[in-house]
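Overview (structure and organization)
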Amino acid sequence: MNAKTSAQDTVILPPAMLGMLGGGQLGRFFVIAAHEMGYKVTVLDPDSNSPAGKIADAHICAAFDDQAALLKLANTCAAITTEFENVPAESLSLLADIKPVRPSAYSVAIAQHRVSEKNFLKQAGLPVAPFVVINQAEDLPADGDAMYPAILKVARFGYDGKGQARVSNQQEALAAFNAFEHEECVLEKMLKLDYEVSVVLARDAQGNVASFPTSENSHLNGILDVSIAPARGSDAISHQAQKLASMVAEKLDYTGVLGVEFFVCDGELLVNEMAPRPHNSGHYTIDACITNQFEQQVRVLTGLPLGSAKQHSSAVMVNLLGDIWPSADEAPAWLAALAQSQLKMHLYGKQAARAGRKMGHYTVLSANRDEAIKLAMQVRAELNIGT
Ligand code: ATP
Ligand code: MG
């Protein structure tokens, strides 16, 4: 191993208790990875039925800004991470006064605010789509401006296409800005995308980086639908995406698992956004890589060396949204999917299905990427996804 290590960095070994802010599916996969390695996990989440809280060793059922709950987490865990970029950065700072917190409050604060994220990327010399910051109606460009057609995106708390409106002129932009109750927004030029890719990487406290292969992503109604890994399209683009994602991590002095989303536009990469946590498009790593993105999160948090990010099978991941549930508590007919020998099913144990809610995903593995795509799309059609 030639990874850089530093003597003063103390490694946290099993069976230590690790802390997780957030109880969604990303937290649940972290708990599973930590358990496999012999660690225990305490989850802090306000939902008594959260997917991660249900399987954790301890669940602190409280709001993310509850000081007493945060102190309890810090005092009972050896180190703390998060699965949710909208956790208040102040909460991470408070925890960091007591125990190691990865990623840092600073990185999360940048990623959770679209304006600071865009400004950071621009200043770091990374290519981004043309945008303007909108604080008041007067900031909206006039008709005829090259920005239209555009997408108005709220600066905070947007996810899965929520808090976004597609607008073709100033009047529509104003209507959307009013609908968002004059929250700070970014107006971004609507681009004609060739395709979209993302890179998930892990960066440790010594600056070592392990990057998973670039995945190719398609979205349905603004929500990730299918990820193909490794991405099709040009190898040069896939390599460049890895380089840019590493640059983002370095410029942020990032410690943790980072997801970076890109647009490919006229053969060029633009950074769309970043997530300071494992990423939905990295779920294929659970079944197709030597170390998955959640084990990397455990490794970075505990100060262990990064695992190999090598992919051993081509993989196609398909998200399962609540839309395909016949009713809130009646599951789809899974048999045809489960009968496939190359398909790995992951259901998150969420209480009730709702349209647009991520309930699970499956990944099809194969030595041959085209075969994996074919089978994944056949099952996707059988489950009536996107119809
Ligand atoms: P998530 O956090 O779930 O990735 P989000 O709500 O933060 O989603 P974005 O990543 O900004 O949303 O956008 C969701 C999708 O909408 C993108 O992956 C892309 O398909 C499309 N999209 C967003 N911005 C643009 C743009 N400027 N031009 C063309 N398409 C876009
Ligand atoms: Mg996105």
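Residues numbered from 1 in each chain as written. Chains lettered and ligands numbered in written order. Predicted model: local features only at pLDDT ≥ 70, side-chain atom pairs only at ≥ 80, totals over all residues. Heavy atoms only, no water.

A few words now on the side chain of E85. The topology assignment puts E85 in the loop between β4 (79–82) and α3 (89–96). Excluding residues that lie within four positions of it along the chain, E85 makes contacts with V108, Q112, P276 and R277. (Helix = DSSP H or I, 4+ residues; strand = E, 2+ residues; numbered from the N terminus. Contact = heavy atoms within 4.5 Å.)

For any two aromatic rings, the description comes down to two numbers: the centre-to-centre distance and the angle of the planes. With the rule as written, the count across this model stands at 4 aromatic pairs. Consider the rings of F29 and Y348, whose centres lie 5.7 Å apart with planes at 85 degrees: the pair is edge-to-face. With F29 in helix α1 (residues 25–36) and Y348 in the loop between β16 (343–347) and β17 (358–366), this pair connects stretches of sequence that are 319 residues apart. Accessibility expressed as a relative area gives 1% for Y348, which makes it buried. (Phe/Tyr/Trp six-rings, centres within 6.5 Å; stacked < 30°, edge-to-face > 60°. Buried < 20%, exposed > 50% of the residue type's maximum accessible area, 1.4 Å probe, protein only.)

The next thing to look at is the sheet that holds strand β2 (residues 40–44). The 4 strands lie next to each other as β3-β2-β1-β4, forming an open sheet whose pairing is parallel. Each edge of the sheet is formed by a strand with only one pairing partner; in this case those strands are β3 (58–60) and β4. Along the sheet, successive strands turn relative to each other by an average axial angle of 25 degrees, direction set aside. Strand direction decides the pairing type here: strand β1 (residues 17–21) and β4, joined by 4 bridges, are parallel. Note that in β4 the partner of M20 across the bridge is T81. (Pairing = 2+ DSSP bridges. Axes fitted to C-alpha atoms, helices over the stretch in contact; angles between N-to-C directions.)

Taken as a whole and assessed by the stated rule, the structure comprises 8 salt bridges. The closest approach of N and O atoms between R203 and D253, which form a salt bridge, is 3.3 Å. Separated by 50 residues along the polypeptide, R203 in strand β9 (residues 195–203) and D253 in the loop between α7 (235–251) and β13 (256–265) bring together distant segments of the chain. Residue classification places R203 among the buried residues on the basis of a relative accessible area of 8%. A relative accessible area of 55% places D253 in the exposed class. With a shortest N-O distance of 2.6 Å, R380 and D225 are connected by a salt bridge. One end of the pair, R380, is in helix α11 (residues 369–382); the other, D225, is in strand β12 (residues 223–229), and 155 residues separate them in sequence. Considered together, R380 and D225 belong to a single accessibility category, that of buried residues. Overlapping salt bridges bring together K118, K153 and E188 as one network. (Salt bridge = Lys/Arg side-chain N within 4 Å of Asp/Glu carboxyl O.)

Moving on to the nonpolar core. With 31 residues, the main nonpolar core has V248, F262 and M274 as its most contacted residues. Each of domain 2 (130–189) and domain 3 (195–382) contributes no fewer than three residues to this core. Not counting residues within four places of it along the chain, the set of residues in contact with F262 comprises E196, V197, S198, V199, A241, L244, A245, L269, L270, V271 and N272. (Core = buried A, V, L, I, M, F, W, Y, C linked by side-chain atoms within 4.5 Å. Domains from an automatic or database assignment.)

A separate point is the site of ligand 1. In the vicinity of ligand 1 there are 20 residues, among which K153, G161, E188, E196 and E273 approach most closely. Between ligand 1 and N272 there is a distance of 2.9 Å, counted from an oxygen atom to a side-chain nitrogen or oxygen. Measuring from an oxygen atom of ligand 1, one finds a side-chain N or O atom of E273 at 2.7 Å. Protein chains bury 92% of the 620 Å² of accessible surface belonging to ligand 1 in isolation. Here the shell around ligand 1 spans two domains, since at least three of its residues come from each of domain 2 (130–189) and domain 3 (195–382). (Near = heavy atom within 4 Å. Polar contact = N/O pair within 3.5 Å; in protein donor to acceptor, adjacent residues only side chain to side chain. Areas by Shrake-Rupley, 256 points an atom, 1.4 Å probe, with all protein chains shown as cover.)

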